[in-house]
Amino acid sequence: MTAAGPAATTAAMLAAAPPLIVLQVLPALVHGGVERGTLEIAEAVVRAGGRALVASAGGPMVPRLEALGARHVTLPLATKNPLGILRNASALAALARAEGVRIIHARSRAPAWSALLAARRSGAHFVTTYHGTYNEGLPGKRFYNSVMARGERVIAISSFIAAHIRERHGTPAERIRVIPRGVDPEQFSPAAVAPERLAALRAAWRLPAGRPVVMLPGRLTRWKGQGVLVEAMAGLPEAVAVLVGGGGEAFRRELEGRIAALGLEERVRLVGHAEDMPAALLLADIVVHASTDPEAFGRTVIEAQAMARPVVASDLGAPRETVQQGVTGWRVRPGDPKALADTLRTALDLPDAARAEIGARARAHVLRTYTTRAMQEATLDVYRELP
């Protein structure tokens, strides 16, 4: 009788492993970082030979999910009503039993309570991804938030968030896995952007030739710091600023009023949502992250770096991890227009070759550390840790 070879041993181990059937749970599949991450992990599960299920209230990203080979189940998971949460728990438990789900992965708080109960009833493992710092201003809010720290494995999207989980919830370090968000380096690549894509955006946004462009991508909301950049632009008469992102109309009107009061109508553009973010970022000489509250991760930072753009970021939260001071960009005191203007002036005064070198280092850092594929594989490794 001959001994089994390495190939036969590997095949036997794979055959013995339980099937990878993962149910991800979130409120809805609208546009956003949580939703994008959900699709990316569903893609990874399918690619690994498993079955990917996603339960949510639905939304415009469902067709994209299903095109990846995943199955979507529509449930009213956006509800925060306690009775609704209990009904959703029963529905998720029945789904998990019927489909042989091995892992329920929760990505948002109200659905996570349903998912936790469903995991207990069905015998599935419970995993969470902790996506933010989560406000605790109301009584009982810390307990409500704590469900995101109750996973057998708790995925933190940055080291900043991992420290927050340990401090707020006392979660043991051995249950926490730091898995940063990722970017597709083929989609976000300077070489992949055709000149006509750049020309179309430049014309649409009325960007004058020969003027440096400073860009802040992010939804229009006060804590994202668009107002800080508007104030800083008063001290940068040579530059044009582009604020990319949609958001609340009231804050937009406030920004427009301040832009007019400072006489910046010809140098600050509010252009709304951009479908072609790689081309948008490539139009910028410098990309700005000006958030005044700590960012849990800040995917736009690594997207800009993947496009070989130097980034000036607020010195708080996860950008302390993604922006290397003086190497791939600069960090500045948050909420300080003068500090932002001074740093932007320093960056824009650099010779083109020096700024390009910083951008090249930024892209190389992303390729080493912050790719979608690395995030997917690390998440699959977490799933495989569970018996």
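The following refers to the structure shown.

If you walk through the whole model with that rule in mind, you get 25 salt bridges. As a salt-bridge pair, Asp342 and Arg345 come within 3.1 Å of each other at their nearest N and O atoms. Within this pair, Asp342 and its partner Arg345 are both found in helix α14 (residues 337-349), separated by three residues, close to a single helical turn. We classify Arg345 as partly exposed; its relative accessible area is 29%. A salt bridge links Arg384 to Asp381; its shortest N-O distance comes to 3.4 Å. Taken as a pair, Arg384 and Asp381 lie in helix α16 (residues 372-385) at a separation of three residues, close to a single helical turn. On the basis of relative accessibility, which here comes to 43%, the residue Asp381 falls in the partly exposed class. One salt-bridge network, held together by shared partners, links Glu136, Arg142, Glu167 and Arg168.

For the rest of this paragraph, the subject is helix α5 (residues 109-122). End to end, α5 covers 20 Å across 14 residues, agreeing with the expected 20 Å (1.5 Å per residue, within 8%). Contact partners of the buried residues in α5: β1 (21-25), α4 (82-99), β4 (103-106), β5 (125-130) and α6 (141-145). Following α5 by one or two positions, Gly123 has its phi on the positive side, about 85°.

Judged by nonpolar contacts, the single largest core of 71 residues is most densely connected at Leu23, Ile104 and Trp205. The biggest single contributor to this core is α5, with seven residues. Beyond its immediate stretch of four places on either side in the chain, Trp205 contacts Met215, Val242, Val244, Arg269, Val271, Ala274, Ala280 and Leu283. Counting residues in hydrophobic clusters, the runner-up holds 30 residues, among them Met233, Leu243, Leu255 and Leu340.

The sheet contact formed by strand β2 (residues 51-56) and strand β3 (residues 71-74) spans four bridges and is parallel. In the strand pairing of β3, Leu53 is matched with Arg71. In this region the chain leaves β2, passes through helix α3 (residues 62-67) and returns to the parallel neighbour β3; the handedness of that crossover is right-handed.

How each quantity is defined
Residues numbered from 1 in each chain as written. Predicted model: local features only at pLDDT ≥ 70, side-chain atom pairs only at ≥ 80, totals over all residues. Heavy atoms only, no water. Salt bridge = Lys/Arg side-chain N within 4 Å of Asp/Glu carboxyl O. Helix = DSSP H or I, 4+ residues; strand = E, 2+ residues; numbered from the N terminus. Buried < 20%, exposed > 50% of the residue type's maximum accessible area, 1.4 Å probe, protein only. Expected span 1.5 Å × (residues − 1). Contact = heavy atoms within 4.5 Å. Core = buried A, V, L, I, M, F, W, Y, C linked by side-chain atoms within 4.5 Å. Pairing = 2+ DSSP bridges. Right-handed = clockwise from strand over helix to strand, strands pointing away.

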